[in-house]
Amino acid sequence: MARQNFQTQTQIVPWARAIQAVQSGQSQVILGVYFTQERSAYLAFSDPITFIETVLFSLKSRQIQYQSLNDLRPYLTGVVRGSSYGEDFDKADFIKKYPVANETQNIDMLIWGRLDLFAGSIDVLWHMIGKHAPDSMNKIRTLKPALSSRALHIGFSKLSPGFNELLITFNRELASMVKDGSLKKLGKEHGVAITLKD
């Protein structure tokens, strides 16, 4: 947005509060959001910024394995309140999900043994683990298969005046950033591998 000289003010808040803010029109934009049918009622989605794999994290010492969501029934799984991890996982009410305010709580609770698993975006979470708990990186692993692989977007509140014009302008600049390589450079700075599908 800086490339288009938009004046922006960024706030870092718990994810559920960020969702509520764009849903009510209090905030114009939310960064790094997945499409869901429910969110499409109040958000206009940008073209994909990247495609992200969402996976489960566990302690290596637990030796947890799974093939289907049904295999997760015995485990307490940390999730960030208001987040989406893929339609099948989101709807699986038989999984014991423990909602927290942010990703660092999931990381800490896993390390302390208060969670069996937590769900999250693979690149983002490994980056966060490296920053927040570097001494525990070699104690944690990701499980296969992935919960989902989905496009990540910028969301524009439909209650914000002129949201459609802002969306068009953003998508035009996003295409320019993809073409000149600056999007991948920006992703690298924030620990996110930018993957775009043809």
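Residues numbered from 1 in each chain as written. Predicted model: local features only at pLDDT ≥ 70, side-chain atom pairs only at ≥ 80, totals over all residues. Heavy atoms only, no water.

With that settled, consider the pattern of salt bridges. Within this structure, the stated rule accounts for 2 salt bridges. The residue R62 makes a salt bridge to D116 at a minimum N-O spacing of 2.5 Å. In this pair, R62 sits in the loop between β3 (50-59) and β4 (76-80) while D116 sits in the loop between α3 (103-111) and β6 (117-121), placing the two residues 54 residues apart along the sequence. Look at D116 and you get buried, because its relative accessible area is 15%. Where K91 meets E87, a salt bridge forms, and the shortest distance between an N and an O atom there is 2.8 Å. (Salt bridge = Lys/Arg side-chain N within 4 Å of Asp/Glu carboxyl O. Helix = DSSP H or I, 4+ residues; strand = E, 2+ residues; numbered from the N terminus. Buried < 20%, exposed > 50% of the residue type's maximum accessible area, 1.4 Å probe, protein only.)

Let us look at the layout of surface pockets. Size it by volume and the second largest pocket reaches roughly 200 Å³. Residue lining of the second largest pocket: A16, I19, Q20, Q23, T36, E38, R39, Y42, G82, S83, S84 and D90, and that is the complete set. In terms of residue class, the lining of the second largest pocket is built from 3 nonpolar, 6 polar and 3 charged. (1 Å grid on protein atoms, 1.4 Å probe; cavity = no way out; pocket = protein on both sides within 12 Å on 5 of 7 lines; lining within 4 Å. Points joined across faces, edges and corners; volume = space filled by probe spheres on them. Nonpolar A, V, L, I, M, F, W, Y, C, P; charged D, E, K, R; others polar.)

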